[in-house]
Amino acid sequence: MHRIILILPFFLLAYILKAQAKHDYNWIIGYDTSSLDNVGNAIRLDFNHDPRMISSIQTVSGFSSHASNTSMSDAEGNFLFYTSGCYVVNAAGNIMENGDSINPGIIQQYGCPGGSSINKYGAMAIPWPDSPFLYLLFITDYHSIDFDTTGDPFVNDRGAALNLYYNVIDMRLGGGLGTVTQKNQIAIHDTIATTPVEAVRHGNGRDWWIMVPVTRSDCYYVMLVDPEGLHAPILQCTGLSWNKFESAASAFSPDGSKYVRYNTRNGMYIYDFDNTTGLLTWNTHLPFDGWFNTSAVGAAFSPNSRYLYISRYHLLHQLDMQAEDIWASLTLVGFNDQILDPFYPSAFSSMALAPDQKIYISGTSTHTSIHVIHRPDCPGLYSLAEVRGVALPAWNYFSMPKLPHYRNQASDSPCDSMGVITYSPILENQQGAVVFPNPARETVWLYLKTPAHGDIRWMLFDLSGTLVQETTLSSGGDYYPMDIGHLPRGIFFYRIVSDRDGFLGSGKLIWGF
């Protein structure tokens, strides 16, 4: 009995150390904005610092991270390599030894001259289990296969990946900068979706599961990776068939129990996943009927695996995955405020959960900032989604890295601090109004879930109940800017009514804190 008591903590310690590995501590986003020289530029987010450190870095000329984007650090957080789906770049900013042309065929011919694969979320890197030197990089290719018989003009309806390639990288070689020792090896050969490639930690805390969808079907390949290498992929078919609109976002929860796949045309497919056996089980479908179609979508889970965040161009939502009715929990937590950054309003696209337990979100066009959800473990508006919350030193375009989760740990941020808990979240499925941001800047935005009929009255009261601002707004819109910069800083109460629809919403508004 005493031996068991002494040995057990060592097993627990080993599991904890694996879970705390810093393989995701360096991100690369952005693209080379100059064609006047042979030196490329990108943006590095380094989470070895608190707060994270953001800097411009030198990279391969013409580099772009907007589609297939993944990176790797060692267990201590030292930066190793990254890829755009065309070549592997080492930490010195040069193409790794034997790291050129890692995705042969159409992508290399047509996508890579622009610096990136054309497959969004088409790359994923993982550490080789139980090896401090070896790493695996998975890449999807693209083939022009005409599945379409209706004449539909969408390009991505006319192709699929035929191969999931893997590449083996040995960091002991290349003078410590790494060498690709096995290149463009076929892991899966079938008509698989071009996007996305997913990886999730095995329940033993050491091994990995790799998963890719089969195109235009209800099937998925799940493949185990352990210290012996890649095992034969297993085909699992469950749930509804995914239609021809392939571009999608997907995510595993940090605890490995849930997998979601989402776009505005197919809706959201939710699965249960057993990360010990690799079994994928159909759970439910959220159709999102009536949502406008856009390819600008993203998905990311909160650190505690309870909340799922999804983007659809100009709106950002939260879903409670523990709710009895997940659809009814859909809550608006952010929206595009129409401020240019720098050429177009900065909407919502790709999303990723970071080591600092925040979720970062890219825009949909060239932009000089990214959005951030500061407290994703908190419900509704308490999550503190901040539009353009992180300034960038250079331009980014759509890009966020596709990385697996290396830790399953809830954040320690309290959800009742900072004075932001001043009103209840407004559910997307209910009539209502939401005011963003809160705490406020000089301009706040009023968002109506359904355009009101008749004139709308915006009323703002101070703590004594005195009316300090009243504005009448024309009906028919859903976004209205409200200037409060002339008011003294403090806490106010707002009330929004329509002369035909009646009460629309109310709450507290904090200005200047």
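The structure contained in this document is the topic of the report that follows.

Quick look at the overall build of the protein chain now. The helix and strand tally for the protein chain stands at two helices and 35 strands. Residues counted as buried form 56% of the 513 residues belonging to the protein chain. Expressed as a percentage of contacts within the protein chain between residues at least 6 apart in sequence, the contacts between residues at least 24 apart total 57%. Surface accessibility of the protein chain: about 20600 Å² in total, with carbon and sulfur atoms responsible for 54%.

Take the sheet that holds strand β17 (residues 249-252) next. Strand order in the open sheet formed by four strands is β17-β18-β19-β20, with antiparallel pairing between adjacent strands. In this open sheet, the two strands that pair with only one neighbour each are β17 and β20 (279-286). Each neighbouring strand pair of the sheet contributes to a mean axis angle of 20 degrees, computed without reference to strand direction. Two strands pair when backbone bridges link them, and strand β19 (residues 267-274) and β20 are joined in this way by seven bridges, in the antiparallel orientation. Opposite Asp 274, over in β20, you have Leu 279 as the bridge partner.

All right, on to the pattern of salt bridges then. Charged atoms that come close allow side chains of opposite charge to pair. One pass over the full model with this rule turns up 10 salt bridges. Notably, a salt bridge pairs Asp 24 with Arg 407, separated by 2.9 Å at the nearest N-O pair. Of this pair, Asp 24 sits in the loop between α1 (2-19) and β1 (26-29) while Arg 407 is found in the loop between β28 (385-397) and β29 (433-436), placing the two residues 383 residues apart along the sequence. Here Asp 24 and Arg 407 have matching classes, each one buried.

So, about the state of the cysteines. Counted under the stated rule, the structure contains two disulfides. With a sulfur-sulfur separation of 2.1 Å, Cys 86 is cross-linked through a disulfide to Cys 112. Sign of the S-S torsion, about -95 degrees for the bond between Cys 86 and Cys 112, identifies this disulfide as left-handed. Residue Cys 86 is found in the loop between β5 (79-83) and β6 (88-90), and its partner Cys 112 is found in the loop between α2 (106-111) and β7 (123-127); the two are separated by 26 residues along the sequence. Comparing Cys 86 with Cys 112 shows no difference in burial state: the two are buried. Note on cysteine connectivity: Cys 219 is disulfide-linked to Cys 237, with sulfurs 1.9 Å apart.

This next bit is on the packing of aromatic side chains. Per the stated rule, a full pass over the model turns up 21 aromatic pairs. Between Tyr 220 and Tyr 259, the aromatic rings sit 5.8 Å apart at their centres with planes inclined by 80 degrees, giving edge-to-face as the arrangement. With a gap of 39 residues between them, Tyr 220 in strand β14 (residues 219-226) and Tyr 259 in strand β18 (residues 258-263) connect regions that are remote in the sequence. The same class applies to Tyr 220 as to Tyr 259, namely buried. Between Tyr 220 and Tyr 271, the ring centres sit 5.3 Å apart and the planes meet at 75 degrees, which makes this aromatic pair edge-to-face. Highlighted residues: Tyr 220 in strand β14 and Tyr 271 in strand β19, separated in sequence by 51 residues. Residue Tyr 220 is classed as buried on the basis of its relative accessible area, which comes to 0%. With relative accessibility at 0%, the residue Tyr 271 sits in the buried group.

Taken across its five residues, β5 has five buried, putting it largely inside the fold. Between strand β4 (residues 70-73) and β5, which pair antiparallel in sequence order, lie five residues; one of them, Gly 77, sits at a positive phi of approximately 95 degrees. As judged from the three bridges shared by β5 and β6, these two strands associate in the antiparallel manner. Note that in β6 the partner of Thr 83 across the bridge is Val 88. Remark: four residues form the turn of the hairpin made by β5 and β6, two consecutive strands paired antiparallel; Gly 85 in that turn has positive phi of roughly 90 degrees.

Moving on to the pairing of strand β13 (residues 208-213). When a strand is regular, its side chains alternate between the sheet's two faces. With six of six residues buried, β13 lies mostly within the body of the structure. Alternating positions in β13 separate into two faces, Trp 208, Ile 210 and Val 212 on one and Trp 209, Met 211 and Pro 213 on the other, with burial throughout. Two strands pair when backbone bridges link them, and strand β12 (residues 198-201) and β13 are joined in this way by four bridges, in the antiparallel orientation. Across the sheet, residue Ala 199 finds its bridge partner in β13, namely Ile 210. Connecting β12 to the antiparallel partner β13 that follows it, the hairpin turn spans six residues, and Gly 205 within it adopts a positive phi of roughly 75 degrees. Pairing geometry for β13 and β14, over six bridges, is antiparallel. Counted as the bridge partner of Pro 213 is Tyr 220 from β14.

Time to look at the environment of Asn 336. With respect to the helices and strands, Asn 336 occurs in the loop between β24 (331-335) and β25 (351-353). Judged by relative accessible area, Asn 336 falls into the buried class, the value being 2%. Note: C-alpha distance between Asn 336 and Ala 347 (11 residues apart in sequence) is 5.4 Å. What Asn 336 contacts, discounting residues up to four positions off in sequence, is His 314, Pro 345, Ser 346, Ala 347, Phe 348 and Tyr 479.

It is worth spelling out the nonpolar core at this point. With 38 residues, the main nonpolar core has Phe 81, Ile 126, Phe 138, Leu 164, Ile 169 and Ile 210 as its most contacted residues. For this core, the elements supplying multiple residues, two or more each, are β5, β7, β8 (134-140), β10 (159-170), β11 (179-192), β13 and β14. Ignoring sequence-local partners within four residues, the contact set of Ile 210 consists of Ile 126, Phe 138, Leu 164, Val 197, Glu 198, Ala 199, Tyr 221, Val 222, Met 223 and Val 225.

Rules used in this analysis
Residues numbered from 1 in each chain as written. Predicted model: local features only at pLDDT ≥ 70, side-chain atom pairs only at ≥ 80, totals over all residues. Heavy atoms only, no water. Helix = DSSP H or I, 4+ residues; strand = E, 2+ residues; numbered from the N terminus. Buried < 20%, exposed > 50% of the residue type's maximum accessible area, 1.4 Å probe, protein only. Contact = heavy atoms within 4.5 Å. Areas by Shrake-Rupley, 256 points an atom, 1.4 Å probe, with all protein chains shown as cover. Pairing = 2+ DSSP bridges. Axes fitted to C-alpha atoms, helices over the stretch in contact; angles between N-to-C directions. Salt bridge = Lys/Arg side-chain N within 4 Å of Asp/Glu carboxyl O. Disulfide = S-S within 2.5 Å. Phe/Tyr/Trp six-rings, centres within 6.5 Å; stacked < 30°, edge-to-face > 60°. Core = buried A, V, L, I, M, F, W, Y, C linked by side-chain atoms within 4.5 Å.

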